[in-house]
Amino acid sequence: MKAVKTKVFDDASSALHDLKDGMRIMSGGFGLCGIPENSIEQVLASGVKDLTAISNNIGNSGRGLAKLLKTKQISAAVCSYVGGNPDLEQQMLAGEVEVELVPQGTFSERIRAAGMGIRGFYTPAGAGTPIAEGRETRMFDRECLFEVPLEADLAIIKAEKGDRYGNLWFKEAARNFSPLMAMAASLTVVEVEQLVEVGEIEAESVHLPGLFVDRIYQGSNYANDIEFELLSE
Amino acid sequence: MSWSKEEMADQIVSLLSPGSSINLGIGMPTLVAERIPSELGIFIHSENGLLGIDGRPTKNTVSATLINAGKETVSVRQGASFFDSALSFGMIRGGHLDACVLGVMEVDVEGSLANWMIPGKKVTGMGGAMDLVHGSKNTIAMLNHFTKKGQSKLVKKCALPLTGQKVVDTIVSSCGVFRPRGEKFEIVKLAPGVSKDELGIEQNLLE
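This is a predicted model, so every value here is computed, not measured.

Colleague: Give a detailed account of unusual backbone geometry, specifying residues and quantitative values.
Modeller: Residue and element names in this part refer to chain A. Even without a glycine there, the phi angle at I58 is positive, about 55°. Here I58 is to be found in the loop between β3 (51–54) and α3 (66–70). Of the residues examined, I58 reaches a relative accessible area of 0% and is grouped as buried. Not every positive phi belongs to a glycine, and N221 is a case in point at roughly 55°. Its place among the elements puts N221 in the segment after β12 (215–218). On the accessibility criterion, N221 (74% relative accessible area) is exposed.

Structure follows, in structure tokens:
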């Protein structure tokens, strides 16, 4: 009988030892909420380039994935919203980064479709707008666009808690795109604030089953930045 | 006199049914959340994966993982829930939300709107707006009536790249409440002291 191969790695550099130029990398998070901070630093340190970044915002305010824009490691991006990300807006208008803007619901559903084996779907989002130009459409109750799955070579994900099998639990609204991306990539690498033993996350409370996770490590030094802190008086 | 942002938000609140579920877009619409009386029992949805947004948090309860779509800190009410982005947009696309409120740059007599780019100048991206305008039962556009140059943002035909075609049900501007009727705007109500000929809209476009 073969021994079960462990998914647990010591840190970001061992979990991401095989990064390559030209990779398509999905990165979870909404703005800076729930982003894989340690893995992004590792991609930065590795110096790999010509990356396609697939993420809702590609960082914000010079932080998160925007660090990889500053170092010109990203040559293409698939995202839905670039407001608040001056690095991306500038590099897009200058033609340095090729950007595919996708309606956010279509973006999340295309990622979900990739993980779930759905080959395509129709949605009204974007019909009759510039993003519909040259696209396959079909009339249902209204005109809809045909959309195909969005997959990646690597997904880098952050969860609050994960066990050694890879079962994940996300805190509050930090879940966003992360479980979808974990299902849509050939290789899924997860960093957690708390690495726990199998069984410590109750079965009913598992947000993403561990079978979607290839590697997991305990992260460190989280900034957990808040973009706009608004408080009641 | 035109309406302040708070007064516009109050006009929007008056359009909402008790117990309904609504989505508020980035920018001015987030103000609506602060004007809804809690006894209306309205659940506010945010596309980043939460339903049941409440007011602002305190210094003690503020959390980096509790934000709205504008990346601003929020709190949640009892009965709130968290979920992933695909489920969040399923709520939108599937027609499960009663209303959405969107900030817009331009809206026309057909109910088409533009709010995501000015070619060559500014690109914010569409975010969830293109999904929202088709999914929610009632799409409300919230906007200052005039551009910085003093031109009406309610126009005959949008010149900017569209977010959606024929999708807006109600427009709440700083000058009044309007409905796009295909060839004209119906004036539902004007702000106190605002007259029809001060709207910057050609009179033949007004019902």
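There is more to say, and it comes next.
Colleague: Give a description of the sheet that holds strand β11 (residues 154–155) of chain B that names residues and reports values.
Modeller: Residues and elements named next belong to chain B. One open sheet holds the 3 strands; their spatial order is β7-β6-β11, and the pairing between them is mixed. Because the sheet does not close on itself, it has two edges, and the strands there are β7 (113–114) and β11. Note that strand β6 (residues 106–108) and β7 share 2 bridges and pair antiparallel. Within β7, the residue paired with V107 across the bridge is L113.

Colleague: Let's hear about the interface of chain A and chain B: which residues, and what values?
Modeller: Listed by partner, the interface residues are 48 residues for chain A and 44 residues for chain B. Both sides together, the interface formed by chain A and chain B hides about 3800 Å², and carbon and sulfur atoms give 63% of it. Ranking the residues of chain A by area buried against chain B places F30(A), E172(A) and L230(A) at the top, with a combined share of 16%. Linking chain A to chain B there are 0 salt bridges. The interface formed by chain A and chain B includes 22 residue pairs in polar contact (both at pLDDT 80 or more). Among the elements of the structure, α4 (86–93), α5 (104–116) and α6 (178–184) of chain A are those that each provide at least two residues to the side of chain A that touches chain B. Among the elements that make up the side of chain A that touches chain B, the one with the highest residue count is α5(A) (6 residues). Taken together, the residues of the side of chain A that touches chain B sort by class into 22 nonpolar, 16 polar and 10 charged.

Colleague: Give me the lowdown on the environment of F83(B), citing residues and values where you can.
Modeller: Its location among the elements puts F83(B) in the loop between β4 (76–82) and α3 (85–93). Leaving out residues up to four positions away in the same chain, F83(B) has contacts with R175(A), N176(A), H45(B), N48(B), G49(B), L50(B), L51(B), S88(B) and M91(B).

Colleague: Tell me about α4(A), and please be specific about residues and values.
Modeller: Every buried residue of α4(A) is accounted for by D87(A), L88(A), E89(A), Q91(A) and M92(A). Against α3, β4 (74–79) and β5 (98–101) of chain A together with β9 (122–123) of chain B lie the buried residues of α4(A). Phi turns positive one or two residues past the end of α4(A), at G95(A), with a value near 75°.

Colleague: Explain the packing of aromatic side chains to me, using residue names and the numbers behind them.
Modeller: Any pair of aromatic rings gets described here by the distance separating the centres and the angle formed by the planes. Residues and elements named next belong to chain A. By the definition in use, this model includes 3 aromatic pairs over all chains. Taken together, a centroid distance of 5.5 Å and an interplanar angle of 75° make the contact between F107 and F177 edge-to-face. Linking F107 in helix α5 with F177 in the loop between β10 (168–169) and α6, this pair joins segments that are 70 residues apart in sequence. Per residue, the accessibility class of F107 equals that of F177, and both read buried. Here the aromatic cluster, defined as three or more aromatic residues joined through ring pairs, consists of Y122, F140 and F146. Of note, K158 hangs over the ring of Y222, and the distance from its end group to the ring centre comes to 4.0 Å. For the cation-ring pair, K161 lies above W169, with the distance from its terminal atom to the ring centre recorded as 5.4 Å.

Colleague: Please give an account of helix α1 (residues 5–13) of chain B that cites residues and values.
Modeller: Working note: α-helix, 3.6 residues per turn, so residues spaced by three or four point in the same direction. Regarding α1(B), the residues found buried are M8(B), A9(B), Q11(B), I12(B) and V13(B). Considering only its buried residues, α1(B) is in contact with α2 (30–35), β5 (99–103), β10 (139–143), β12 (170–173), β13 (176–180) and β14 (185–190) of chain B.

The rules behind each value
Residues numbered from 1 in each chain as written. Chains lettered and ligands numbered in written order. Predicted model: local features only at pLDDT ≥ 70, side-chain atom pairs only at ≥ 80, totals over all residues. Heavy atoms only, no water. Helix = DSSP H or I, 4+ residues; strand = E, 2+ residues; numbered from the N terminus. Buried < 20%, exposed > 50% of the residue type's maximum accessible area, 1.4 Å probe, protein only. Pairing = 2+ DSSP bridges. Contact = heavy atoms within 4.5 Å. Buried area = accessible area lost by both parts, 1.4 Å probe. Salt bridge = Lys/Arg side-chain N within 4 Å of Asp/Glu carboxyl O. Polar contact = N/O pair within 3.5 Å; in protein donor to acceptor, adjacent residues only side chain to side chain. Nonpolar A, V, L, I, M, F, W, Y, C, P; charged D, E, K, R; others polar. Phe/Tyr/Trp six-rings, centres within 6.5 Å; stacked < 30°, edge-to-face > 60°. Lys NZ or Arg CZ within 6 Å of the ring centre and 35° of its normal.

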